[in-house]
Amino acid sequence: MQGSAINDSQTVLGYAQEATASGHEHEEHPDLRMLGVVVFLVAESMIFLGLFSAYLIYRAMSPVWPPEGTERELLLPAINTVVLISSSFVMNQGAIAIKKNDSAGLRNWFIATAIMGLAFLAGQAYEYSQLEFGLTTNLYASCFYVLTGFHGLHVTFGVVLILAVLWRGRNTDHYSKESHFGPEAAELYWHFVDVVWIILFILLYLL
């Protein structure tokens, strides 16, 4: 009986040591959350690449582009472009602030970015209301609404991400120099949205 008890104790001790070792190994695993964000953005890039490729093929096959009845307005989209690109620099200031443990700076810069993102969306909605062509007017019109609408959806999601960071950061100790995945992921996504818009602006409005 005594030998059996000793064996049982050794077995329990062995399980405890394995569990402890597994816990240490788990704690030493690298943080792969940012890699997940990058993979997600690569997947989104493939979707936009497909849409851009289709647009360029349609453009190359058309004798006149854009077709008659789809006159392009440049002023408002250009203003929207300046607003969106500027917002990336504004957001970057927030990311820099939190790396200095400046929670107030993070909130202020991210609030400004959210406002600029909403201004971009408002400008796009106003542009839609002023256009003289609809979704089914011709091939260019269909491409225009699909591309700008899909991008606008991404901007909307980006604003939601920013608001989520602001909500979670309402406690001044939630983000810090050592722990700032939320702001960093939101910033990376916002830069992606800006780069896509630059390409889209060139294709739809300038070429």
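Along each chain, residue indices are assigned from 1 in the same order as the chain's sequence is written. Local features in this predicted model are restricted to residues whose pLDDT is 70 or higher, and side-chain atom pairs enter the listing and the counts only when it is 80 or higher, whereas totals over whole chains, interfaces and linings include all residues. Calculation of side-chain values draws on the structure's entire complement of heavy atoms; hydrogens and water are dropped beforehand.

The name recorded for the protein in an unreviewed UniProt entry is Oxidase aa(3) subunit 3, from Planktothrix agardhii. UniProt positions are given in the numbering used here, feature names are shortened, and annotations may be inferred rather than shown by experiment. The UniProt entry for the protein carries the following text under Subcellular location (unreviewed entry): "Cell membrane". Listed in UniProt under the heading Sequence similarities (unreviewed entry), the comment for the protein reads: "Belongs to the cytochrome c oxidase subunit 3 family."

Turning our eyes to something else, we now look at the UniProt feature "transmembrane region" (unreviewed entry) in the protein. Mapped onto this numbering, the UniProt entry annotates "transmembrane region" (unreviewed entry) at residues 34–58, 78–97, 109–126, 138–167 and 188–206. Where helices and strands are cited, they refer to DSSP runs of H or I of at least four residues and of E of at least two residues respectively, numbered from the N terminus. With 97% helix and 0% strand, residues 138–167 has its two end C-alpha atoms placed 43 Å apart.

Okay, the side chain of glutamine 124 next. When you line up the elements, glutamine 124 lands in helix α4 (residues 103–130). Residue classification places glutamine 124 among the buried residues on the basis of a relative accessible area of 7%. For every residue, the accessible area obtained with a 1.4 Å probe (protein chains only) is divided by the maximum for its type, and the residue is called buried under 20%, exposed over 50%, and partly exposed between those limits.

For helices, the fitted line uses only the C-alpha atoms of the stretch in contact; every axis is such a line through C-alpha atoms, and the angle between N-to-C directions lies from 0 to 180 degrees. Interaxial distance between helix α3 (residues 75–98) and α4 falls to 8 Å at its minimum, and their mutual angle equals 165°. Here α3 is positioned roughly antiparallel relative to α4, judged by the angle of their axes. Regarding α3 and α4, the two cross each other, and that crossing is left-handed. Counted by class, the contact of α3 with α4 contains 17 nonpolar, 10 polar and one charged residues. For this classification, under 35 degrees means roughly parallel, over 145 means roughly antiparallel, 65 to 115 means roughly perpendicular, and everything else is oblique. The crossing is said to be left-handed when, going from far helix to near helix, the turn is anticlockwise and less than a right angle, and right-handed when the turn is clockwise. For this classification, Asp, Glu, Lys and Arg are treated as charged, while Ala, Val, Leu, Ile, Met, Phe, Trp, Tyr, Cys and Pro are nonpolar and the rest, including Gly, are polar.

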